[in-house]
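Residue-level structural notes
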Amino acid sequence: MNFTVSSQALSSRLQAISRVINPKSIYPILEDFLFRLENGKLTVTAADNDTTLEAVIELNECDGDGQIALPAKAMLDALKEIPEQPIRIQIDPATFATEIKYQNGHFQIVGQNADEYPTPAVLQQEFTSFSIESQILLDSLSRTIFATADDELRPVMNGIYFDINTDGATFVASDGHKLVCSKNSQVQANGKSSFILPKKPATLLRTILAKDNAGVTIEFDNRIARFSMADFSMVCRLIDGRYPNYNSVIPQNNPHRLTLDRQTLLNALRRVSVFSPASSGLIKLKIDRDSVDISTQDIDFSTSAKESVVCQYEGVPMSIGFKAGFLIDILNNTPGQDIIFQLADPSRAGVVVPAQQNEGESLLMLLMPMVLND
C-alpha cells in the first residue's frame, strides 16, 4: 500500500479534520487518523464519539488498496514543516510500519490496525434530504453559533435549530438572553422537517465550508445528520428533544425605530464597556431623537464612562439597559453598515436587524434588556 501525494494538500486536509479529535478520548485509536486507500482514492477520517469527519485527497499516484490508523499529532507536526512537494508514503500491511519520504529526508512511524477504528453511524431507511449552497449555510452558521447556550439542564439550547419547510430554511440559536433567527427562502425542501445540530459539529462544519465552495447535501433522521460536500463529509449525532417555539418570543409590535451606524456603535460600546461592572456588564442607552448616550457606572470601583453617537430615532425618548458583552456579540455578527433597533419599552426585548438585507434573506437578533437602577 503505497501512494504519492502533495504535502500541502495532505497537510491542509488533515488540519481541517483534526479539530474533531478529542485528545482526552477514552479510546486511544480516536487519537489517530484513518487512512483508507481504495480504487485510487485516498480518504482520511478523524472522529470522536459523536462526530466523524472525512476528507478526500487527490493522489499523484498509488499502488494497492488498504487502510491504516496513523497517529494524528505526529502526522500534523511533521507535515506542517515540509514545504510544498510530492511525498511518498509506504505502508507495510503486516507490521503497520509507515515511511514518509520527501525531497531531503524521511521519517518513520508505526500505525495501528484500522479494523479497530469505529465506523460512522448509518442513516435509517427513512430519512430527509435537501441541498443548500455552501455560502448560505456558512453565513447562517456564522450568524447563529455565537448565540447557542452551554446549559446542561436544557441540552436542546446547546445547538442550532434547523427548521426546514417548502418556503425555505430557518436557522435559530438562543441561550435565553439573546436569540438569532436567520431565514433564507432560496433553500429548497420537499416538506417540513427539523433537527438540532450541536455546537461542536456546527463549528467544525463552518471551518470546512470556508475551504469547500461546492454545494452541500444534508441528510438526516431523528438520530444523526450527514453533510456531504465535494471534498469533505461529516456525520454527527443530533441533539434529541423539542426546540422551544422561537416565534412566540419574537415581539410582533416594537414601534420605536432606532437607526445608526453599526461600527460606530460597536466601537463606542467597546470603549464604554471597559468601565462596566464586572458582575453585570450593564450599560445604559439613553435614546433621543438624534443621539444615543451610552453610559455605565461601577459604584464599587468609582469608575464610569459615557459616550454619545448620532442616530435617527422614531419614537418616544427612553433609557434601556443591556449586557454590554451580549450587545457587542450581536453587533459583531450583524452584517451591513447600518442597523435598526426595534424597541417597545425598557422592559421588553429589543430587536436588531440589518438596515439592508439581501434578497431572499431575513436576519433578526433579539436581546433581553436588563433592569436599570435609576
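Structural data are supplied above this passage.
Okay, so let's go over this structure. Everything quoted here is computed from the prediction, not taken from an experiment.

1. Focus on the overall build of the protein
Of regular secondary structure, the protein possesses 6 helices and 26 strands. Once the C-alpha set of the protein is aligned to its principal axes, its extents read approximately 80 × 50 × 35 Å. Expressed as a percentage of its 374 residues, the buried residues of the protein come to 50%. When the accessible area of the protein is evaluated, it comes to approximately 18300 Å², of which 46% is carbon and sulfur surface. Within the protein, the 45 negative side-chain charges are centred at a point lying 5 Å from the centre of the 32 positive side-chain charges.

2. What about the environment of Ala202?
Within the element layout of this structure, Ala202 appears in helix α4 (residues 199-209). Using a relative accessible area of 0% as the deciding quantity, one classes Ala202 as buried.

3. Overview of the packing of aromatic side chains
Enumeration according to the criterion identifies 7 aromatic pairs in this entry. Centre to centre, the rings of Phe195 and Phe220 are 4.5 Å apart; their planes meet at 50 degrees, and the pair counts as tilted. With a gap of 25 residues between them, Phe195 in strand β14 (residues 193-198) and Phe220 in strand β15 (residues 216-220) connect regions that are remote in the sequence. Of the two residues examined, Phe195 and Phe220, each falls in the buried class. Ring centres of Phe322 and Phe341 lie 6.2 Å apart, and the angle between their planes is 35 degrees; on these two criteria the pair is classed as tilted. With Phe322 in strand β23 (residues 318-323) and Phe341 in strand β24 (residues 338-343), the pair connects residues that are 19 residues apart, well separated along the chain. One aromatic cluster in this structure is built from Phe130, Phe162, Phe171, Phe195 and Phe220. Above the ring of Phe326, the side-chain terminus of Lys323 is found at 5.7 Å from the ring centroid.

4. Observations regarding the sheet that holds strand β26 (residues 361-367)
Read across the open sheet, the 9 strands follow the order β14-β11-β12-β13-β26-β25-β24-β18-β22; overall the sheet is antiparallel. The open sheet is flanked by β14 and β22 (312-314), the only strands paired with a single partner. Recorded for the sheet is a direction-independent mean angle of 15 degrees between the axes of neighbouring strands. Here strand β13 (residues 178-184) runs beside β26; their pairing, made up of 7 bridges, is antiparallel. By the bridge assignment, Lys178 is partnered in β26 with Leu367.

5. Regarding helix α3 (residues 134-144)
The buried count for α3 comes to 8 of 11 residues, which makes it a mostly enclosed element. All of the buried residues along α3 are Ser134, Ile136, Leu137, Leu138, Ser140, Leu141, Arg143 and Thr144.

6. Some words on the packing of α3 against α4
Contact geometry of α3 with α4 gives a least axis separation of 9 Å together with a crossing angle of 135 degrees. Relative to α4, the element α3 lies oblique. In this structure, the crossing between α3 and α4 has a hand that is left-handed. For the pair α3 and α4, the contacting residues are Ser134, Leu137, Leu138, Leu141 and Ser142 in the first and Ala202, Leu205, Arg206 and Leu209 in the second. Class assignment of the residues belonging to the contact of α3 with α4 gives a composition of 6 nonpolar, 2 polar and 1 charged.

7. Quick word on the pairing of strand β12 (residues 168-174)
Counting buried residues along β12, 7 of its 7 residues qualify, which places the element largely inside the surrounding structure. Judged by which residues are buried, β12 turns out to be covered on both faces: Gly168, Thr170, Val172 and Ser174 on one side and Ala169, Phe171 and Ala173 on the other are all buried. Strand direction decides the pairing type here: strand β11 (residues 159-165) and β12, joined by 5 bridges, are antiparallel. Its bridge partner being in β12, Asp163 is matched across the sheet by Thr170.

8. Things to note about the nonpolar core
Grouped together as the largest cluster of nonpolar side chains are 63 residues, with contacts concentrated most on Phe33, Phe35, Leu137, Phe162, Leu197, Ile218 and Phe227. Ranked by residue count, the leading element in this core is α4, at 5 residues. Excluding its chain neighbours within four sequence positions, the residues that come into contact with Phe35 are Met1, Phe3, Leu10, Leu14, Leu42, Thr43, Val44, Gly66, Gln67, Ile68, Leu70 and Met75. Within the second largest apolar cluster, 36 residues are counted, among which are Ile283, Ile287, Ile294 and Phe341.

9. Concerning the packing of helix α1 (residues 7-18) against helix α2 (residues 72-79)
Two elements in contact, α1 and α2, have axes separated by 10 Å at closest approach and are oriented at 135 degrees. Relative to α2, the element α1 lies oblique. In the crossing of α1 with α2, the sense of the turn from one axis to the other is left-handed. Taking contact as the criterion, the partners of Leu10, Ser11, Leu14, Gln15 and Ser18 in α1 are, on α2, Met75, Leu76 and Leu79. Here the residues of the contact of α1 with α2 are counted per class, giving 5 nonpolar, 3 polar and no charged.

Criteria and thresholds
Residues numbered from 1 in each chain as written. Predicted model: local features only at pLDDT ≥ 70, side-chain atom pairs only at ≥ 80, totals over all residues. Heavy atoms only, no water. Helix = DSSP H or I, 4+ residues; strand = E, 2+ residues; numbered from the N terminus. Buried < 20%, exposed > 50% of the residue type's maximum accessible area, 1.4 Å probe, protein only. Areas by Shrake-Rupley, 256 points an atom, 1.4 Å probe, with all protein chains shown as cover. Lys, Arg positive; Asp, Glu negative; His and termini not counted. Charge placed at Lys NZ, Arg CZ, Asp CG, Glu CD. Phe/Tyr/Trp six-rings, centres within 6.5 Å; stacked < 30°, edge-to-face > 60°. Lys NZ or Arg CZ within 6 Å of the ring centre and 35° of its normal. Pairing = 2+ DSSP bridges. Axes fitted to C-alpha atoms, helices over the stretch in contact; angles between N-to-C directions. Parallel < 35°, antiparallel > 145°, perpendicular 65-115°, else oblique. Left-handed = near helix turned anticlockwise from the far one by under 90°. Contact = heavy atoms within 4.5 Å. Nonpolar A, V, L, I, M, F, W, Y, C, P; charged D, E, K, R; others polar. Core = buried A, V, L, I, M, F, W, Y, C linked by side-chain atoms within 4.5 Å.

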